[in-house]
Amino acid sequence: MAQPRNVRLAIENANTRRLDVTVEYTLESSAAEAREEFIERIELWGDDKMFNGKDDRLLTFSNRTINPRGQESWDRCITGSVIKDMLNEDKTGKDEVYALVKIEPKHKQARKCSEIVRVKIRKNG
């Protein structure tokens, strides 16, 4: 299964209204997968372990189809501009933000479900 490795996040121009965001990682795949297409989804999350213990998904930074074109190891660099308030997850103090990279095959195996079965189940008694 293709895996993202060495994910790095950089956020610059923190004193302006818009932030420059860069996410870099290496996509590693098998020789058989190297010609397949994948869906690359990069989300930015707020780390909230100190507050309620539940991290907050802030935004989807990238959601696109990618193709390694035969490369088993492929360095990716995605850049963009984000409104500063979108990354303000703590409202006070410093914000702790991380990038989560998800990779899945574009052409997943077909899934099949059974027909819907309707049955009335009665309680004993």
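Read on for an overview of the structure. (Residues numbered from 1 in each chain as written. Predicted model: local features only at pLDDT ≥ 70, side-chain atom pairs only at ≥ 80, totals over all residues. Heavy atoms only, no water.)

**Overview of the sheet that holds strand β5 (residues 73-83)**
The condition is simple: For two strands to pair, DSSP has to find at least two bridges joining them. Starting at the N terminus, helices and strands are each numbered in turn, a helix being any DSSP run of H or I of at least four residues and a strand any DSSP run of E of at least two. Fitted lines through C-alpha atoms give the axes, limited to the stretch in contact for helices. The angle between two N-to-C directions lies from 0 to 180 degrees.
The strand order across the open sheet built from three strands is β1-β2-β5, with neighbouring strands paired in antiparallel fashion. The outermost strands of the open sheet, each flanked by one partner alone, are β1 (3-12) and β5. Between one strand axis and the next, the sheet turns through 15° on average, direction left out of account. Bridging between β1 and strand β2 (residues 18-28) involves eight bridges; their strand directions are antiparallel. Within β2, the position partnered with E12 by the bridge is D20.

**Focus on the side chain of E40**
Basically, it comes down to this: Relative accessible area decides the class of each residue, using a 1.4 Å probe on protein chains only: under 20% of the type maximum gives buried, over 50% gives exposed, and in between gives partly exposed. Definition of a polar contact: a pair of N or O atoms within 3.5 Å, with one able to donate and the other able to accept a hydrogen when the atoms are protein atoms, and with sequence-neighbouring residues admitted only if both atoms are side-chain atoms.
Mapped onto the elements of the fold, E40 is located in strand β3 (residues 38-46). When its relative accessible area of 0% is taken as the criterion, E40 is described as buried. A polar side-chain atom of E40 sits 2.5 Å from a polar atom in the side chain of Y25. For E40, the side chain forms a polar contact with the side chain of R76, separated by 3.0 Å.

**With respect to the sheet that holds strand β4 (residues 56-66)**
On the basis of which strands lie adjacent, the open sheet formed by three strands has the order β4-β3-β6 and antiparallel pairing. In this open sheet, the two strands that pair with only one neighbour each are β4 and β6 (97-105). The mean inter-strand angle of the sheet, taken between neighbouring strand axes irrespective of direction, is 20°. Sheet topology places β3 next to β6; nine bridges connect them, and they run antiparallel. Residue pairing for β6: R41 is matched across the bridge by K102.

**Re unusual backbone geometry**
Only a minority of non-glycine residues have a phi that is not negative, and only a minority of peptide bonds are not trans. For N6, which is not a glycine, the phi torsion comes out positive at approximately 55°. Mapped onto the elements of the fold, N6 is located in strand β1. Exposure remark for N6: the relative accessible area of 54% places this residue in the exposed category. The phi dihedral of R69 is positive, around 50°, even though this residue is not glycine. Note that R69 resides in the loop between β4 and β5.

**Examining the pattern of salt bridges**
Put simply, the rule reads: Any carboxyl oxygen of Asp or Glu that lies within 4 Å of a side-chain nitrogen of Lys or Arg is treated as forming a salt bridge with it.
Following the criterion strictly, the structure yields six salt bridges and no others. For the salt bridge of E37 with K106, the shortest nitrogen-to-oxygen distance reads 3.8 Å. On the criterion of sequence distance, the pair formed by E37 in the loop between β2 and β3 and K106 in the segment after β6 is long-range, its members being 69 residues apart. For E43, the salt bridge is made with K102, and the minimal N-O distance between the two is 3.4 Å. Linking E43 in strand β3 with K102 in strand β6, this pair joins segments that are 59 residues apart in sequence.

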